[in-house]
Amino acid sequence: MHTAPGEHRNGAVIALNNVRKTYQMGSTLVHALAGVSISFYPGDFWAIMGPSGSGKSTMLNILGCLDRVTSGDYVLEGNDVSTMEDDALSDVRLRHLGFIFQSFNLIPQLTVRRNIELPLYYLGWEAERSAARAVELAGLVGLEGRLNHKPTELSGGQMQRVAIARALANDPQILLADEPTGNLDSATGDQILNILGQLNREGKTIVMVTHETHVAAHAKHCLHMRDGKIESIEEN
Amino acid sequence: MARSKTARNILLGIENLLLHKLRTFLTMLGVVFGVGSVVAMLSVGEGASQEALEQIRKIGSNNIIVTSIKAAEDASSSAMQANMSIYGLTYNDQIRIEETFNRIRQTVPVKMVRQECRLGERALELRVVGTLPAWFELLQRDVVAGRVLTDADIANLAGVVVLTEFGARKLLAAENTIGSTLRVGSSYFEIVGIVRSEGGLAGNIQMPDEQIDAYVPITVARERFGDIATTRSAGGYNREMVQLHQLIVEAASIDDVESVAKGIEAMLARFHKKEDYRISIPLALLRQAEATKRTFNIVLGSIAAISLLVGGIGIMNIMLASVTERTREIGVRRAIGAKRRQIISQFLIETIVLSTVGGLIGIGLGMFIPWLITYFAGMPTVVTLKSVLLSVGISVAVGMVFGLYPAVRAANVDPIVALRHE
């Protein structure tokens, strides 16, 4: 499903071409990404693996439009995001992406309902419409009864399910997950991975960073990184 | 849509503030006391100056009041004859003033003499004021009962007297005593009316009336009491000869007041050997009082503004702490797609809500304190709409100014760092 640089880039939801990311750390330059080229297609489920310092976090930040490339091209669903300004990047995140984090990152003072509604608030949805959407999404992740609870009243697995519901609120094509099971026991983690698998089967493109092989096994493709470069690609 | 969105944002801000009720309350206190002190201080300043202005206005802004005074060096002067001092304005002065200046409407002469008065069983020393009917109109004294003096009284040398409300009460006279006879010295007068008393100090000048005046026609005063007053003192008798104790000159218009007053001053200086008169101009005092009021307000307002500034810094401090505390939340919101300006407006709305609510409570406090001052200390206070609007404006501005920096700091949080923030 993946292609070599420059080939068959039409139809890809994410296309990286010779992407570099360089940080200035004191007097030394750190090449977090040293020329990465890869394309992800609709319905793909990718796991990105690698030891710490391999550039997998930087990769996810770039993919999530939270960070900008130093050089190279990044085209996301037809938008060249490598040259976009801050506001435009916010807009791309709002309309095209959904984030799932290791530590859930729910807003503690807001109820489950309000957490799920958050992207809709920034999309400018009317209150009733977004409330209905929140109910629908809570049902999807099996949390209908917890809509008015605060995140602190939920278990880790429930919190991650709220986070998934929130990531789905704006109906993005791409879900980016950063160690989604890192803070969960393996049984709960499996439930979360099953939900992700289900979403993938329904057509979402998922990119997941993990360092656990059995988690990566849920993905269709596995990208191994080392020293800011793609080391190998594995098909499951 | 735009309005409902703003309303929603404000509601969200209020919700967030309510999450930390104690902290919000304590932060708000700074603005509450700041705004409260602005409103209260301005009301005290306003009250004091309005009282002064009101009293000065009562003397009449078109009036020039010339009062006879005993010149300082009088004791050794040649005018001293057989223990009698002769000083003050004369009947000729009045005539000269009336003939010389055409920009005056009228002059009202006043003679004063202290006399023991008796009404039935009650005796009281009153200041008997001989004057013209115009006096009451010029000084805007309201009639409480009966009538004031008339031109016929003056012409007929009628033995009638008008009392002040206060004097009448002292003499146990009331409406039904109109028509009864008051003994003044050795003469008898018929009480024809009672007027409201407005005695006391206006700004820094003595009002032309006192609380216990008895007004009689000037012609009668001149005939019955003469120009010489005798007072008993330690070494025997002091005798003074004063023709007119006071002359109230009404200028034709407010623009003429100052020039006429200058002219009168020059004229009196020529005809009087000593400066045995004093000219006071309510209008000048009015202007002075207004200037004083402005200064007063600026000083009080500045002091209060400093407390408001302190309140604002308090808000900024708390909001900066709040931004640090909520770094992760900001990161999440940014990752989800919130733009910088949406983060700015989120935090700015919170501070503006905080400072505006604080400001409104402060206005309540600022209106309550003057009420307390008036109630317990008897000081006049006036809360003006202007000072209230000013305070609301200032508190919103405080929220915006002191909230802007924390909000910008929040918006500049790097989402990648913020998401890892503990």
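Above this note sits the structure.
Residues numbered from 1 in each chain as written. Chains lettered and ligands numbered in written order. Predicted model: local features only at pLDDT ≥ 70, side-chain atom pairs only at ≥ 80, totals over all residues.

Chemist: Explain the overall build of chain B to me, using residue names and the numbers behind them.
Modeler: Helices and strands together make up the secondary structure of chain B, namely 13 helices and 15 strands. By principal-axis analysis of the C-alpha atoms, chain B measures approximately 105 × 50 × 45 Å. Within chain B, buried positions represent 42% of all 422 residues. The contacts of chain B with a sequence gap of at least 6 include a subset with a gap of at least 24, amounting to 82%. (Helix = DSSP H or I, 4+ residues; strand = E, 2+ residues; numbered from the N terminus. Buried ≥ 20, exposed ≤ 12 C-beta atoms within 10 Å, placed from the backbone. Contact = placed C-beta atoms within 7 Å.)

Chemist: Provide a residue-level description of the environment of Cys 65 of chain A, including the pertinent values.
Modeler: Residue placement: Cys 65 of chain A occurs in the loop between α1 (56-63) and β4 (71-76). In the structure, Cys 65 of chain A is positioned 17 residues away from Ser 82 of chain A in sequence and 8.7 Å away in space, judged by C-alpha atoms.

Chemist: Provide a residue-level description of unusual backbone geometry, including the pertinent values.
Modeler: All names here are of chain A. The backbone of Phe 104 sits at a positive phi, close to 65°, despite the residue not being glycine. Positionally, Phe 104 belongs in the loop between β6 (97-100) and α3 (112-123). With 23 C-beta atoms counted inside 10 Å, the residue Phe 104 sits in the buried group.

Chemist: Summarise the environment of Ala 163 of chain A; cite the residues concerned and give the values.
Modeler: All names here are of chain A. The topology assignment puts Ala 163 in helix α5 (residues 156-168). Residue classification places Ala 163 among the buried positions, given that 27 C-beta atoms sit within 10 Å. Along the sequence, Ala 163 and Glu 179 sit 16 residues apart, while their C-alpha atoms lie 13 Å from each other. Once residues within four sequence positions are removed from consideration, Ala 163 is found in contact with Ile 100, Phe 101, Phe 104, Asn 105 and Leu 106.

Chemist: If you had to explain the sheet that holds β4 of chain A to someone new, which residues and values would you point to?
Modeler: Across the sheet, which stays open at both edges, the four strands sit in the order β2-β1-β4-β5 (chain A) with antiparallel pairing between neighbours. Looking along the sheet, the strands with just one partner apiece sit at the ends: β2 (28-40) and β5 (79-80) of chain A. (Pairing = 2+ DSSP bridges.)

On their own, these measurements won't tell you what the molecule is for.
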